[in-house]
Amino acid sequence: MRTPLIILAVIVVIGLGVYLYMAMGTVVNAPTGEPGAVIQPGLTLEQARAIAVASDCAAEGPITDNSFYNENSKTWWFDMDIEKTGCAPACVVSEETRTAEINWRCTGLIIPE
């Protein structure tokens, strides 16, 4: 008598797990309307680069060809060729505001000489 109940319980748990997995996928991808769809950036690489080049970032130093898109913050990041001890600056372009600013990405304490 125990075996059929255990099997039934396992089936119910697996079914619930599959249902929750599918439901979470739908919620996460709700903006696109299609479960499992990849969310595309609101700005193309070219649009984001144009914003970066026209911003104060370019006044500080050259913007390199190294770039990436951060889906979490909805920002484009462009490495910059600026020498600053302990830092690796990037020009960050926001999709929401369509503005750019430098993120210095500095690490650690700089010991005075």
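### Structural notes on the overall build of the chain
Regarding its fold elements, the chain presents 3 helices and 4 strands. Relative to its 113 residues, the chain shows a buried fraction of 22%. Intrachain contacts of the chain at a sequence separation of at least 6 include 31% that bridge at least 24 residues. Roughly 8,500 Å² of accessible area belongs to the chain as shown, and the carbon and sulfur atoms make up 62% of that amount.

### A short note on the state of the cysteines
Enumeration over the complete set of coordinates arrives at 2 disulfides. Two residues, cysteine 57 and cysteine 91, share a disulfide whose sulfurs are 2.2 Å apart. Residues cysteine 57 and cysteine 91 are joined through a disulfide that is right-handed, its torsion about the S-S bond being 85 degrees. In this pair, cysteine 57 is assigned in helix 3 (residues 56-60) and cysteine 91 in strand 3 (residues 90-94), connecting sequence segments 34 residues apart. Sulfur-sulfur distance for the disulfide between cysteine 87 and cysteine 106 comes to 1.8 Å. Between cysteine 87 and cysteine 106 the disulfide shows an S-S torsion of about 95 degrees. By sign, it is right-handed. Here cysteine 87 is found in the loop between strand 2 (75-80) and strand 3, whereas its partner cysteine 106 is found in the segment after strand 4 (100-103), with 19 residues between them in sequence. The exposure class of cysteine 87 is buried, given its relative accessible area of 17%. Among the cysteines of the chain that take part in disulfides, numbered as they appear in the sequence, the pairing is 1-3, 2-4.

### Focus: the pattern of salt bridges
Under the counting rule described, the total for this entry stands at 1 salt bridge. In this structure, arginine 105 and aspartate 79 form a salt bridge, with 2.9 Å as the shortest nitrogen-oxygen distance. Pair noted here: arginine 105 is in the segment after strand 4 and aspartate 79 is in strand 2, with a separation of 26 residues, a long-range link. Judged by relative accessible area, arginine 105 falls into the partly exposed class, the value being 29%.

### Description of the nonpolar core
The biggest cluster of nonpolar side chains holds 14 residues, and the ones touching the most others in it are Ile63, Trp76, Phe78, Met80, Cys91 and Val93. Elements supplying a minimum of two residues to this core: helix 2 (45-53), strand 1 (63-70), strand 2 and strand 3. Once residues within four sequence positions are removed from consideration, valine 93 is found in contact with Leu43, Ala48, Ile51, Ala52, Lys74, Thr75, Trp76, Phe78, Thr99 and Ala100.

### Points about the pairing of strand 1
As paired strands, strand 1 and strand 2 are joined by 5 bridges and run antiparallel to one another. Note that in strand 2 the partner of serine 67 across the bridge is phenylalanine 78. What sits between strand 1 and strand 2 in their antiparallel hairpin is a turn of 4 residues, with lysine 74 showing a positive phi close to 55 degrees.

Rules used throughout
- Residues numbered from 1 in each chain as written.
- Predicted model: local features only at pLDDT ≥ 70, side-chain atom pairs only at ≥ 80, totals over all residues.
- Heavy atoms only, no water.
- Helix = DSSP H or I, 4+ residues; strand = E, 2+ residues; numbered from the N terminus.
- Buried < 20%, exposed > 50% of the residue type's maximum accessible area, 1.4 Å probe, protein only.
- Contact = heavy atoms within 4.5 Å.
- Areas by Shrake-Rupley, 256 points an atom, 1.4 Å probe, with all protein chains shown as cover.
- Disulfide = S-S within 2.5 Å.
- Salt bridge = Lys/Arg side-chain N within 4 Å of Asp/Glu carboxyl O.
- Core = buried A, V, L, I, M, F, W, Y, C linked by side-chain atoms within 4.5 Å.
- Pairing = 2+ DSSP bridges.

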